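Geometric and topological summary
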Amino acid sequence: MKAFEFLNNEYDGGLTVVLDKGLPPKYVEDYLKVCGDYIDFVKFGWGTSAVIDRDVIIEKIKYYNDWDIKVYPGGTLFEYAYFKNKFDEFLNECNNLGFNAVEISDGSLDISLEERKFAIEKAKDYGFIVLTEVGKKLPEKDKKLTIEDRIKLINYDLDSGADYVIIEGRESGKGIGLFDREGKIKEEELNKLIKNVDVNKVIFEAPNKNQQVGFILKLGSSVNLANIPFDEVISLETLRRGLRGDTFGIM
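Here goes a summary of the coordinates provided. (Residues numbered from 1 in each chain as written. Predicted model: local features only at pLDDT ≥ 70, side-chain atom pairs only at ≥ 80, totals over all residues. Heavy atoms only, no water.)

1. Observations concerning the overall build of the chain
To be explicit about the condition: A helix here means a DSSP run of H or I that spans at least four residues, while a strand means a run of E at least two residues long, and both kinds are numbered starting from the N terminus. Our radius of gyration looks at C-alpha atoms and nothing else; its globule reference is 2.2 Å times the residue count to the power 0.38. Relative accessible area decides the class of each residue, using a 1.4 Å probe on protein chains only: under 20% of the type maximum gives buried, over 50% gives exposed, and in between gives partly exposed. Contacts are assigned to residue pairs with any non-hydrogen atoms lying within 4.5 Å of each other. Exposure was quantified through the Shrake-Rupley algorithm and a 1.4 Å probe, taking into account, for residues, occlusion by the shown protein chains and nothing else. Neither His nor the chain termini are counted; the positive set is Lys and Arg, and the negative set is Asp and Glu. Here the site of a charge means NZ on Lys, CZ on Arg, CG on Asp, or CD on Glu.
When helices and strands are tallied, the chain shows ten helices and eight strands. Relative to the 2.2 N^0.38 estimate, which gives 18 Å for 251 residues, the radius of gyration of the chain is 18 Å and therefore close to what a compact globule would have. Along the first, second and third principal axes, the C-alpha set of the chain runs to 55 × 45 × 30 Å. Per-residue burial over the chain gives 48% buried out of 251 residues. In the chain, the share of contacts with a sequence separation of at least 24, taken over all contacts with a separation of at least 6, comes to 72%. A total accessible area of about 12,200 Å² is found for the chain, and carbon and sulfur atoms account for 51% of it. In the chain, 35 side chains carry a positive charge and 45 a negative one; their mean positions are 3 Å apart.

2. Remarks on the side chain of T48
Heads up, the rule is: Pairs of N or O atoms within 3.5 Å make up the polar contacts considered here, provided that, within protein, one atom can donate a hydrogen while the other can accept it, and that residues adjacent in sequence are counted only when both atoms are side-chain atoms.
Mapped onto the elements of the fold, T48 is located in the loop between β2 (41–44) and α2 (54–66). Using a relative accessible area of 10% as the deciding quantity, one classes T48 as buried. A polar contact is formed between the side chain of T48 and the backbone oxygen of G45, at a distance of 2.7 Å. With residues up to four places along the chain from it excluded, the contact list for T48 reads D20 and K21.

3. Digging into helix α7 (residues 147–159)
The condition is simple: The length a helix should cover is 1.5 Å for every residue beyond the first.
Across its 13 residues, α7 extends 18 Å between first and last C-alpha, which sits within 8% of the 18 Å expected from 1.5 Å per residue. Elements that come into contact with the buried residues of α7 comprise α5 (113–125), β5 (129–134), α6 (139–142), β6 (164–167), α8 (187–196) and β7 (202–205). Just downstream of α7 lies G161, where phi reads positive at about 115°.

4. Looking at the sheet that holds β5
The line we're drawing: Pairing between two strands requires that DSSP report at least two bridges joining them. Simply put, an axis is a line fit to the C-alpha atoms, just over the touching stretch for a helix, and the angle between two N-to-C directions goes from 0 to 180 degrees.
Ordered in space as β3-β2-β1-β8-β7-β6-β5-β4, the eight strands form an open sheet in which the pairing is parallel. Either end of the sheet is taken by a strand with one partner, and the two such strands are β3 (70–73) and β4 (101–104). Each strand of the sheet is rotated relative to its neighbour by a mean of 30°, with strand direction disregarded. As defined by bridge partners, β4 adjoins β5 across four bridges and the pair is classed as parallel.

5. Section: the pairing of β5
As a general feature of sheets, a regular strand has side chains that alternate between the two faces. Threshold: Here, the term right-handed applies to a crossover whose path from the first strand over the helix to the second runs clockwise when the strands point away from the viewer.
Taking burial as the measure, the six residues of β5 include five buried ones, the bulk of the element. A crossover links β4 with its parallel partner β5, the connecting element being α5, and its sense is right-handed. The sheet contact formed by β5 and β6 spans four bridges and is parallel. Each residue of the ladder has a partner; that of V134, found in β6, is I167.

6. Observations concerning the pattern of salt bridges
What counts, and what does not: Salt bridge criterion: a side-chain nitrogen from Lys or Arg within 4 Å of a carboxyl oxygen from Asp or Glu.
Counted by the stated rule, this structure contains 25 salt bridges. We note a salt bridge from K137 to E133, for which the minimum N-O separation is 3.3 Å. Of the two residues, K137 and E133, both sit in the buried class.

7. Things to note about the pairing of β2
Residues F41 and K43 point to one face of β2 and V42 and F44 to the other, with burial holding for every one of them. Relative to β2, strand β1 (residues 16–20) runs parallel, the two sharing four bridges. What sits directly across from L19, in β2, is K43. Crossover connection from β1 via helix α1 (residues 25–35) to parallel β2: handedness right-handed. Where β2 meets β3, four bridges bridge the pair, whose relative direction is parallel. The residue of β3 that forms the bridge with F44 is P73. Viewed along the sheet, the connection from β2 through α2 into β3 turns out right-handed.

8. Observations concerning the side chain of R240
Its location among the elements puts R240 in helix α10 (residues 233–240). Here T16 takes part through its side chain, which lies 3.1 Å from a polar atom of the side chain of R240. In this structure the side chain of R240 is engaged in a polar contact, spanning 2.7 Å, whose partner is the backbone oxygen of V223. R240 has contacts with Y11, G14, L15, T16, I216, S221, S222, V223, L225, I250 and M251, leaving out every residue within four places of it along the chain.

Okay, here's the thing in structure tokens:
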């Protein structure tokens, strides 16, 4: 039972996707006792999985799975494997390590729509939950994508079998995706997006508190949010439940 259980407001859904940049296994085991109930997915950031011993990866995935948390390697690792013509080996290793999901992206690598669909379908054939990502890592490339481009690609990925589509926001949350150079949400673009996609299947990268607050106030406590720093899971949960001044009384 949670402390102050009589004050805890429940809400439906709302995925929280946390970024793990190389946390130690025992730290993960202990910290999940505090926040494990509030995490749905963990991403082992970019290519970090490729520089950590396999036994450590397996141990960490086990701790996450004990809390029914799905784990996947970052999209950059997929892109690197695809670039090296090692996609089959990549999927096999993900399976052998115990990953539940994979991310298909083209943030650093340009791949065609046909290749994107092929990668989604193949990952699904392996039994993985598939998350895709829309957006480029470099701001100068990402800004060339209009909101119409993003909407089209989101719907394309979902039609191709992706379970969820992530909107690129990077760790900075500034000058990329739906954020301006100051990290503020582009309201006009967000309004257009939510009118033209299944927002329940979209995950918004929102590394900064003001962005988390903005999405919650706009779309409700059940909005799907990603790139959440590991030490801000509890903070985000209080925002979702209206237990912090920024969203006080939302529930």
